[in-house]
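This is what each chain is made of:
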Amino acid sequence: MGELSAQAICKAFGEKQVLDRVSFTLREGEIVALLGVSGVGKSTLFHILAGLSSPDSGAVLLNGEEVTGKAGRVSYMQQKDLLLPHKKIVDNVTLPLVLGGMKKSEARAIGRQKLEEFGLAGTAEKYPAQLSGGMRQRAAFLRTCLFGGEADLLDEPFSALDAITKRQMHVWFLERMEQLRHSVMFITHDVDEAIFLADRVLILAGRPGRIALELPVEAPRPRDTLFTASERFMEVKRRVLSALSQPEIA
């Protein structure tokens with residue numbers, strides 16, 4: 001997996017400045033959480049990082065190579081799972097392989113194997129409506145992984161899940177990341193989720209949006225749910241909540 005860097009990203013829509021000199025680096029194999037209030041520019045930033053839109057100034061680097069405005073180098077999972085309702089799960093998750101030129105039969109063979117690895121054995125011939133919310137999210141994440149980008153961007157990947165399913169998915173996600181070692185950045189509004197999953201937490205704040213805080217979690221992975229009761233978790237949470245309460249952050 002790759003190292004993804006934003007360098008002084010600025011973006012405006014008309015006269016409204018949305019992002020102002022946003023800079024950070026997602027290191028290889030790292031998980032970074034991006035926190036911020038609604039409308040601060042998180043999704044706009046992800047569109048730029050994924051090459052779906054271009055900044056007004058600044059650059060996006062992947063392993064030192066400029067990829068600003070170039071789609072297809074970074075995997076991007078949007079907030080909704082966006083599984084195609086008329087396609088079976090195996091065909092949903094292998095869509096990136098088929099679009100990349102692989103024969104459907106070969107893609108399906110890979111898809112069936114990966115479905116088992118992702119805890120989705122027995123779902124290959126089912127349709128999205130037949131799966132639980134957690135299973136749909138696993139399938140969507142598998143499709144993102146099969147896209148083959150050098151870094152993964154996840155836009156609120158767990159926000160649609162109920163609290164119990166979300167906790168289960170958090171533990172599952174960290175277990176998968178220990179095996180995959182992907183470089184991942186994800187958007188969330190959930191402070192606990194950010195701290196539990198991430199190696200670092202970034203807060204995007206202000207009008208226009210800037211990186212207002214970069215805070216390392218400094219806890220080894222994988223983590224279990226007991227981590228949320230630890231002194232380190234509480235310390236990081238206090239610092240994040242303190243930063244979010246500052247007038248200039250709002």
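What you see is a predicted model; the values in this text were computed from it and never measured.

Looking at this structure, how should I read the pairing of strand β7 (residues 152-155)?
Look at any regular strand and the pattern is simple: side chains alternate between the two faces of the sheet. Residue alternation in β7 divides its side chains into two sets, Asp152 and Leu154 and Leu153 and Asp155, and both sets are buried. Bridge analysis of strand β6 (residues 75-77) against β7 gives three bridges, and the strand direction is parallel. Within β7, the residue paired with Ser75 across the bridge is Asp152. Summarising the sheet, β7 and strand β8 (residues 184-188) pair through four bridges and their orientation is parallel. Paired with Asp152 across the strands is Val184, a residue of β8. Following the chain from β7 across helix α6 (residues 163-180) to the adjacent parallel β8, one finds a crossover that is right-handed.

Just to check I follow, could you spell out the layout of surface pockets for this structure?
Which parts of space are left empty comes out when a probe the size of a water molecule is rolled across the atoms. Of the voids in this model, the largest pocket is the one considered here, and its volume is about 380 Å³. Elements with a contribution of two residues or more to the lining of the largest pocket: β6, α3 (95-99) and α5 (133-147). Looking at the lining of the largest pocket element by element, the count peaks at four residues for α5. Looking at the lining of the largest pocket residue by residue, the class counts come to twelve nonpolar, four polar and three charged. Considered as a void within the structure, the second largest pocket measures approximately 200 Å³ in volume. If you go around the second largest pocket, the residues you meet are Ala163, Lys166, Arg167, His170, Val171, Asp190, Asp192, Glu193, Phe196, Thr225 and Thr228. Put simply, the parts of the chain that give the lining of the second largest pocket at least two residues each are α6 and α7 (191-197). If you tally residues by element for the lining of the second largest pocket, the top one is α6, at five residues. Here the lining of the second largest pocket is built from residues that sort into three nonpolar, three polar and five charged.

Can you help me understand the side chain of Arg200 in this one?
Its place among the elements puts Arg200 in strand β9 (residues 200-205). Only 2.7 Å separates the side chain of Arg200 from the side chain of Glu30, close enough to count as a polar contact. Looking at Arg200, its side chain comes within polar contact range of the side chain of Glu214, at 2.5 Å. With sequence-adjacent residues up to four places away left out, Arg200 is seen in contact with Thr25, Leu26, Arg27, Glu30, Ile31, Val32, Ala33, Glu214, Leu215, Pro216 and Val217.

Got a minute to help me understand the packing of α5 against α6 in this structure?
The relative placement of two packed helices is expressed as an angle between their axes plus a distance between the axes. Orientation of α5 relative to α6, taken along the N-to-C sense of each, is 25 degrees, at an axis distance of 11 Å. With respect to each other, α5 and α6 are oriented roughly parallel. Considering only the axes of α5 and α6, their crossing is right-handed. Packed against α5, whose contacting residues are Gly134, Gln137, Arg138, Phe141 and Cys145, the element α6 presents Thr165, Met169, Trp172, Phe173, Met177 and Leu180 at the interface. Taken together, the residues of the contact of α5 with α6 break down into seven nonpolar, three polar and one charged.

Sorry, what's going on with the pattern of salt bridges here?
Scanning the entire structure with this criterion turns up 19 salt bridges. Put simply, Glu178 and Arg181 hold a salt bridge, and the shortest N to O gap is 3.4 Å. Owing to a relative accessible area of 39%, Arg181 belongs among the partly exposed residues under this scheme. Ionic pairing is found between Arg232 and Glu235, a salt bridge with its closest N-O pair at 3.3 Å. Taken together, the residues Arg232 and Glu235, both in helix α8 (residues 231-244) and three residues apart, mark about one turn of the helix. Residues participating in the shared-partner salt-bridge network are Lys88, Asp91, Arg108, Arg112 and Glu125.

Cut-off values and rules
Residues numbered from 1 in each chain as written. Predicted model: local features only at pLDDT ≥ 70, side-chain atom pairs only at ≥ 80, totals over all residues. Heavy atoms only, no water. Buried < 20%, exposed > 50% of the residue type's maximum accessible area, 1.4 Å probe, protein only. Helix = DSSP H or I, 4+ residues; strand = E, 2+ residues; numbered from the N terminus. Pairing = 2+ DSSP bridges. Right-handed = clockwise from strand over helix to strand, strands pointing away. 1 Å grid on protein atoms, 1.4 Å probe; cavity = no way out; pocket = protein on both sides within 12 Å on 5 of 7 lines; lining within 4 Å. Points joined across faces, edges and corners; volume = space filled by probe spheres on them. Nonpolar A, V, L, I, M, F, W, Y, C, P; charged D, E, K, R; others polar. Polar contact = N/O pair within 3.5 Å; in protein donor to acceptor, adjacent residues only side chain to side chain. Contact = heavy atoms within 4.5 Å. Axes fitted to C-alpha atoms, helices over the stretch in contact; angles between N-to-C directions. Parallel < 35°, antiparallel > 145°, perpendicular 65-115°, else oblique. Left-handed = near helix turned anticlockwise from the far one by under 90°. Salt bridge = Lys/Arg side-chain N within 4 Å of Asp/Glu carboxyl O.

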